[in-house]
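# Summary of structural features
Below, each chain spelled out in residue letters.
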Amino acid sequence: MAESESGAEKSEDPTEKRKQDSRKKGEIARSRELNTLAVVLAGTGGLLTFGGALGQRVMQVMHKNFSLPRELLLDERYMAISLLQSAQMAGDALIPLFMVLLIAAIVGPVALGGWLFSMEALAPKFSRMNPLSGLKRMFSMKSLVELLKALGKFTVVLMVALIVLSRARLELIAIASEPLEMAILHSMQVVGWSALWLACGLIIIAAVDIPFQIWDSKQKLKMTKQEVRDEYKDTEGKPEVKGRMRQLQREMAERRMMSAVPEADVIITNPTHFAVALKYDAEQGQAPVLLAKGGDFLALKIREIGTEHQITLLESPALARAVYYSTEVDEEIPAGLYMAVAQVLAYVYQLRQYHAGKGKKPDLFKDPEVPADLRRDE
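The structure presented is a predicted model; accordingly, all values stated were derived computationally and were not measured.

## A look at the UniProt feature "transmembrane region" (unreviewed entry) in the protein
In the numbering adopted here, UniProt assigns the feature "transmembrane region" (unreviewed entry) to residues 34-54, 93-118, 147-170 and 190-215. The span residues 34-54 carries 100% helix and 0% strand; its end-to-end C-alpha distance comes to 27 Å. Span residues 190-215 is 100% helix and 0% strand, its end C-alpha atoms 39 Å apart.

Dropping the structure here:
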C-alpha cells in the first residue's frame, strides 16, 4: 500500500479535484514503450509501403550522379546544382515516410492518457537538481522497474533479431549475387520485414508497461484520510463557516419574507404555533400565493407585523398547518386548499365591506373544512 511523505497510508481513492489538479500539472499515465512501439511500427509499415518507390528513387539518384558526362565533371557550378537536385529527389521520396512517422509520434502519446498540454509540466523544477533527490530516485522502485523493462526489452529484441536473421540468412546471401537494381529492392524488402518483426517484439514490452503505468498513476493519486478531509474543508468550507453562511442566508430570507407581510390579504394562525400570510390578486385570476410563514417566534413576528398594518388575523388551526406544510414561500397554494382559502378570503372581503360601511356585519367566522390528505394534526 502506498504511503505519503508523512508515513500515513494512502488508502483512499483520489477525488475529482485531485485528478483535475494532476492533469493540470501534466501528471497522467504515459508509456514510453507505447510511444516507441507506435513510431517503430509506423516506420516499418511505411518502409514496406513506400519502400519500392524509395528504392526506385535511390537508384535514380545513384544513376544520375554516377553517370555524369565528362564536361559536367569539370564544371564546378554543376556540383551544387546536382547536390540540390539529389536532395530534392530524396526528400520527395522520404516525405510520405516522414508524415507517417509524424502521425505516429502524435498518436502514440495521446493513445494513453489523452491529449494534454500543461505549462506546469514545462516549467523548470529546481528540486530535481538536488543530488540527494537524484540518488533517491536512482534507488527507487520506479528505477528498478525501468531497469527490468530495459533488460526485458533487450532480451526480447535480441531473441527476435536472432530468429529474424536466421530465417533471412539465405536471402541475405542471395542478395550478393543479384544485379544491383534487384539487390537494392530486395534488400529494402528484407530490411522492412525484419524491422517489422523486431517491432512486433516490442508489443510484449508495451503490453506489460501500459497496465503498470496505469496502476502506478493511480497509486500516485491515492490519498490519505487526512488529505481527503483537508480537501473537503478547502472545497466545501469549514463546518462552522458553512453553518454561519446558512444562518445568514436564513436571516436574509426571513427579512425578505417579513417585508412582504404588509402586502398580505389575510393571516391565518394556529393560533400561536403557526402563522401564514396569504395574498390573492383578483386581476390576474391566479391562485392565492403564500407570502410568509413561520412557527413559534416567526409566527409571533408575522402576527405583530400583521396587527401593525391592520391585516385581518383569523384563527384556523387545521388550515394554518395545512398551508404551512404544503406550500413554500412565493408559491401558490395547492388545488386541494382552494375551497377552504376561498371561504377565508370571502369572509375577509365581507369584513372589509362592513368596516367601509358598504355592507352588513358578516356572521362569525367558521373554521373551513380541510381535505384529509392535506391535514397535519399535531
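## Some points on helix α14 (residues 338-355)
Taking 1.5 Å of rise per residue, 18 residues should cover 26 Å, and α14 covers 26 Å from first to last C-alpha, within 8% of that figure. Along α14, the residues classified as buried are A340, V341, V344, L345, Y347, V348 and L351. The buried residues of α14 occupy an angular sector of 155° when the element is viewed end-on, so they sit on one face. Facing away from the buried side of α14 by over 90 degrees, the exposed positions are M339 and Y349. Its buried side turned inward, α14 meets β1 (266-269), β2 (274-279), β4 (312-315) and α13 (317-326). Within two residues after α14, G357 carries a phi angle of roughly 75°, on the positive side.

## Focus: helix α7 (residues 141-167)
Taking 1.5 Å of rise per residue, the 27 residues of α7 would be expected to cover 39 Å, and the 39 Å separating its terminal C-alpha atoms lies within 8% of that figure. Of all the residues in α7, the buried ones are V145, E146, K149, V156, V160 and V164. Among the structural elements, α2 (32-66) and α9 (180-221) are those in contact with the buried residues of α7.

## Here we look at the pattern of salt bridges
Side-chain pairs of opposite charge can arise where the charged atoms are in close proximity. By the definition in use, this model includes 2 salt bridges. One salt bridge in this structure joins E328 and K293, with 3.8 Å as the shortest N-O distance. Taken together, the residues span a long stretch of sequence, with E328 in the loop between α13 and α14 and K293 in strand β3 (residues 289-295) at a distance of 35 residues. A residue is classified by how much of its surface remains accessible, and E328, at 45% relative accessible area, is partly exposed.

## Concerning the layout of surface pockets
Here the second largest pocket is characterised by a volume of approximately 290 Å³. K19, I214, S217, K218 and L221 are, among the 15 residues lining the second largest pocket, the residues nearest its centre. Looking at the lining of the second largest pocket, the elements with two or more residues in it are α1 (16-24) and α9. A total of 4 residues in the lining of the second largest pocket trace back to one element, the largest contributor, which is α9. Counted by class, the lining of the second largest pocket contains 6 nonpolar, 3 polar and 6 charged residues.

## A word on the packing of aromatic side chains
In total, this model carries 4 aromatic pairs according to the counting rule given. Look at F274 and Y324: their rings are 4.7 Å apart centre to centre, the planes differ by 55°, and that puts the pair in the tilted class. On the criterion of sequence distance, the pair formed by F274 in strand β2 and Y324 in helix α13 is long-range, its members being 50 residues apart. The class for F274 is buried, based on a relative accessible area of 7%. In this structure Y324 comes out as partly exposed when scored by relative accessible area, which is 21%. Relative to Y325, the ring of Y324 lies with its centre 5.1 Å away and its plane at 85°, an arrangement referred to as edge-to-face. Put simply, the rings of F274, Y324 and Y325 pair up and form one aromatic cluster.

## Details of the side chain of R303
Along the chain, R303 falls in helix α12 (residues 297-308). Buried charge without a salt bridge: R303, with E304 as the nearest opposite-charge side chain at an N-O distance of 7.3 Å. When near neighbours in sequence (up to four residues on either side) are disregarded, R303 contacts T269, P271, T272, A275 and L313.

Definitions and cut-offs
- Residues numbered from 1 in each chain as written.
- Predicted model: local features only at pLDDT ≥ 70, side-chain atom pairs only at ≥ 80, totals over all residues.
- Heavy atoms only, no water.
- UniProt positions renumbered as here; feature names shortened; annotations may be inferred.
- Helix = DSSP H or I, 4+ residues; strand = E, 2+ residues; numbered from the N terminus.
- Expected span 1.5 Å × (residues − 1).
- Buried < 20%, exposed > 50% of the residue type's maximum accessible area, 1.4 Å probe, protein only.
- Arc of directions from axis to C-beta.
- Contact = heavy atoms within 4.5 Å.
- Salt bridge = Lys/Arg side-chain N within 4 Å of Asp/Glu carboxyl O.
- 1 Å grid on protein atoms, 1.4 Å probe; cavity = no way out; pocket = protein on both sides within 12 Å on 5 of 7 lines; lining within 4 Å.
- Points joined across faces, edges and corners; volume = space filled by probe spheres on them.
- Nonpolar A, V, L, I, M, F, W, Y, C, P; charged D, E, K, R; others polar.
- Phe/Tyr/Trp six-rings, centres within 6.5 Å; stacked < 30°, edge-to-face > 60°.
- Lys, Arg positive; Asp, Glu negative; His and termini not counted.

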